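# Report on the structure
Letter by letter, the chains look like this.
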Amino acid sequence: MKSPLLPFLYRYLNFSPKFILPKSFGDHKISKQLLKQYTKPFADKTQRNGALAFAKSLLNDQDWFEELWNKRQSISNKPTLFIWGMKDPIIKPHYLDKFHRGFTNSATVKLETSGHFPQEEHPETLAKEIIDLLKQ
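Below you will find a few notes about this structure.

Each value, and the rule that gives it
- Residues numbered from 1 in each chain as written.
- Predicted model: local features only at pLDDT ≥ 70, side-chain atom pairs only at ≥ 80, totals over all residues.
- Heavy atoms only, no water.
- Pairing = 2+ DSSP bridges.
- Helix = DSSP H or I, 4+ residues; strand = E, 2+ residues; numbered from the N terminus.
- Salt bridge = Lys/Arg side-chain N within 4 Å of Asp/Glu carboxyl O.
- Axes fitted to C-alpha atoms, helices over the stretch in contact; angles between N-to-C directions.
- Left-handed = near helix turned anticlockwise from the far one by under 90°.
- Contact = heavy atoms within 4.5 Å.
- Nonpolar A, V, L, I, M, F, W, Y, C, P; charged D, E, K, R; others polar.
- Buried < 20%, exposed > 50% of the residue type's maximum accessible area, 1.4 Å probe, protein only.
- Polar contact = N/O pair within 3.5 Å; in protein donor to acceptor, adjacent residues only side chain to side chain.
- Phe/Tyr/Trp six-rings, centres within 6.5 Å; stacked < 30°, edge-to-face > 60°.
- Lys NZ or Arg CZ within 6 Å of the ring centre and 35° of its normal.

## A word on the pairing of strand β2 (residues 106-111)
In the sheet, strand β1 (residues 80-85) pairs with β2 via 6 bridges, with the strands oriented parallel. When the sheet's bridge partners are listed, F82 is paired in β2 with T108.

See below:
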(Lines give C-alpha, C1' and ligand atoms only; values in the text may rest on other atoms or scores of the structure.)
Protein backbone atom coordinates (compact mmCIF):
# COMPACT_ATOMS: atom_id res chain seq x y z
CA MET A 1 0.00 0.00 0.00
CA LYS A 2 1.60 3.26 -1.10
CA SER A 3 0.42 6.41 0.51
CA PRO A 4 2.00 9.86 0.57
CA LEU A 5 0.32 10.34 3.93
CA LEU A 6 2.49 7.75 5.70
CA PRO A 7 5.84 9.53 5.09
CA PHE A 8 4.26 12.81 6.16
CA LEU A 9 2.88 11.31 9.38
CA TYR A 10 6.17 9.68 10.32
CA ARG A 11 8.71 12.23 9.11
CA TYR A 12 6.95 15.47 10.01
CA LEU A 13 4.65 14.55 12.89
CA ASN A 14 6.76 11.80 14.52
CA PHE A 15 3.48 9.89 14.48
CA SER A 16 4.33 6.60 16.16
CA PRO A 17 6.00 7.83 19.36
CA LYS A 18 3.85 10.94 19.72
CA PHE A 19 0.40 9.57 18.88
CA ILE A 20 0.32 5.75 18.71
CA LEU A 21 2.63 4.98 21.63
CA PRO A 22 0.73 6.92 24.33
CA LYS A 23 -2.56 5.27 23.33
CA SER A 24 -0.97 1.79 23.43
CA PHE A 25 -0.74 1.57 27.19
CA GLY A 26 -3.28 -0.05 29.47
CA ASP A 27 -4.10 1.27 32.93
CA HIS A 28 -0.52 2.41 33.60
CA LYS A 29 -0.27 5.37 31.21
CA ILE A 30 3.12 6.46 29.96
CA SER A 31 4.64 9.38 31.86
CA LYS A 32 5.83 12.50 30.06
CA GLN A 33 9.39 11.69 31.12
CA LEU A 34 9.23 8.18 29.64
CA LEU A 35 7.57 9.46 26.48
CA LYS A 36 10.53 11.81 26.03
CA GLN A 37 12.79 8.74 26.13
CA TYR A 38 10.91 7.40 23.10
CA THR A 39 10.70 10.66 21.15
CA LYS A 40 14.24 11.95 21.77
CA PRO A 41 15.95 9.59 19.27
CA PHE A 42 13.60 10.93 16.58
CA ALA A 43 14.17 14.63 17.18
CA ASP A 44 13.91 15.66 13.52
CA LYS A 45 12.61 14.26 10.26
CA THR A 46 16.04 12.97 9.13
CA GLN A 47 16.10 10.60 12.13
CA ARG A 48 12.70 9.05 11.46
CA ASN A 49 13.42 6.85 8.43
CA GLY A 50 13.65 3.70 10.56
CA ALA A 51 10.24 4.26 12.13
CA LEU A 52 8.80 4.95 8.69
CA ALA A 53 10.37 1.78 7.28
CA PHE A 54 8.91 -0.22 10.16
CA ALA A 55 5.43 1.18 9.54
CA LYS A 56 5.73 0.41 5.82
CA SER A 57 6.83 -3.13 6.64
CA LEU A 58 3.81 -3.71 8.86
CA LEU A 59 1.57 -2.60 6.01
CA ASN A 60 3.37 -4.19 3.08
CA ASP A 61 5.02 -7.39 4.30
CA GLN A 62 2.02 -9.45 5.34
CA ASP A 63 2.91 -12.23 2.87
CA TRP A 64 6.35 -12.52 4.46
CA PHE A 65 4.85 -12.64 7.97
CA GLU A 66 2.49 -15.38 6.82
CA GLU A 67 5.44 -17.28 5.30
CA LEU A 68 7.26 -17.09 8.65
CA TRP A 69 4.16 -18.32 10.46
CA ASN A 70 3.93 -21.27 8.11
CA LYS A 71 7.55 -22.21 8.96
CA ARG A 72 7.00 -22.22 12.71
CA GLN A 73 6.93 -26.04 12.95
CA SER A 74 10.70 -26.21 13.48
CA ILE A 75 10.36 -24.24 16.74
CA SER A 76 6.72 -24.80 17.68
CA ASN A 77 7.47 -27.40 20.37
CA LYS A 78 10.18 -25.34 22.15
CA PRO A 79 9.29 -23.84 25.52
CA THR A 80 7.61 -20.54 24.75
CA LEU A 81 6.36 -17.81 27.03
CA PHE A 82 3.77 -15.31 25.89
CA ILE A 83 3.49 -12.24 28.07
CA TRP A 84 0.33 -10.53 26.94
CA GLY A 85 -1.16 -7.17 27.77
CA MET A 86 -4.88 -7.86 27.69
CA LYS A 87 -5.69 -4.18 27.08
CA ASP A 88 -3.45 -4.01 24.01
CA PRO A 89 -5.36 -1.90 21.47
CA ILE A 90 -3.06 -3.03 18.64
CA ILE A 91 -2.66 -6.79 18.97
CA LYS A 92 -5.93 -8.05 20.37
CA PRO A 93 -6.24 -11.13 22.64
CA HIS A 94 -7.63 -13.32 19.84
CA TYR A 95 -4.09 -13.41 18.41
CA LEU A 96 -2.97 -15.05 21.63
CA ASP A 97 -5.29 -17.96 20.87
CA LYS A 98 -3.65 -18.31 17.46
CA PHE A 99 -0.18 -18.34 19.01
CA HIS A 100 -1.23 -20.98 21.56
CA ARG A 101 -2.47 -23.22 18.77
CA GLY A 102 0.77 -22.69 16.85
CA PHE A 103 3.16 -23.23 19.75
CA THR A 104 2.24 -26.40 21.61
CA ASN A 105 4.69 -26.01 24.50
CA SER A 106 3.69 -22.52 25.53
CA ALA A 107 2.69 -20.79 28.71
CA THR A 108 1.04 -17.41 29.03
CA VAL A 109 1.12 -14.60 31.51
CA LYS A 110 -1.95 -12.45 30.97
CA LEU A 111 -1.55 -8.94 32.33
CA GLU A 112 -5.13 -7.72 32.66
CA THR A 113 -4.23 -4.04 33.14
CA SER A 114 -1.42 -3.84 30.58
CA GLY A 115 -1.46 -2.66 26.99
CA HIS A 116 1.04 -3.15 24.16
CA PHE A 117 4.11 -2.44 26.29
CA PRO A 118 4.00 -4.75 29.32
CA GLN A 119 7.76 -4.32 29.70
CA GLU A 120 7.10 -0.67 30.57
CA GLU A 121 3.96 -1.22 32.62
CA HIS A 122 5.01 -4.33 34.56
CA PRO A 123 8.82 -4.68 34.28
CA GLU A 124 9.25 -6.66 37.51
CA THR A 125 6.62 -9.19 36.48
CA LEU A 126 8.24 -9.66 33.08
CA ALA A 127 11.71 -10.08 34.55
CA LYS A 128 10.46 -12.70 37.03
CA GLU A 129 8.55 -14.66 34.38
CA ILE A 130 11.49 -14.67 31.96
CA ILE A 131 13.90 -15.79 34.70
CA ASP A 132 11.50 -18.56 35.70
CA LEU A 133 11.30 -19.73 32.06
CA LEU A 134 15.09 -19.76 31.74
CA LYS A 135 15.41 -21.84 34.92
CA GLN A 136 13.28 -24.61 33.41
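Further notes follow.
## Considering the pattern of salt bridges
A pair can form between side chains of opposite charge whenever their charged atoms are brought close. By the definition in use, this model includes 3 salt bridges. The closest approach of N and O atoms between K128 and D132, which form a salt bridge, is 2.7 Å. Placement of both K128 and D132 in helix α8 (residues 123-135) is noted, with a separation of 4 residues, approximately one turn of the helix.

## Examining the packing of helix α1 (residues 5-13) against helix α4 (residues 49-60)
Interaxial distance between α1 and α4 falls to 9 Å at its minimum, and their mutual angle equals 145 degrees. Handedness of the crossing formed by α1 with α4: right-handed. Facing L6, P7, Y10 and R11 of α1, the residues of α4 in contact are N49, A51, L52, A55, K56 and L59. Of the residues that constitute the contact of α1 with α4, the class distribution is 7 nonpolar, 1 polar and 2 charged.

## Quick look at the side chain of H122
By the element assignment, H122 lies in the loop between α7 (118-121) and α8. Note on H122: relative accessible area 15%, which makes it buried. Here the side chain of H122 touches T113 through a polar contact of 3.2 Å, side chain to side chain. When sequence neighbours within four positions are dropped, the list of residues in contact with H122 reads H28, L111, T113 and S114.

## Concerning the packing of aromatic side chains
In the structure shown here, the tally under the stated rule is 11 aromatic pairs. Seen in terms of ring centroids, F82 and F103 are 6.0 Å apart; in terms of plane orientation they differ by 70 degrees. Their pairing is edge-to-face. Taken as a pair, F82 in strand β1 and F103 in the loop between α6 (94-102) and β2 lie far apart in primary sequence, 21 residues in all. Taken together, the aromatic side chains of W69, F82, W84, F99 and F103 make up a single cluster linked through ring pairs. Over the aromatic face of W69 sits the side chain of K98, whose NZ or CZ is 4.8 Å from the ring centroid.

## Overview of the environment of S74
Tracing the sequence through the fold places S74 in the loop between α5 (62-70) and β1. The sequence separation of S74 and Q33 amounts to 41 residues, and the corresponding C-alpha distance is 42 Å.

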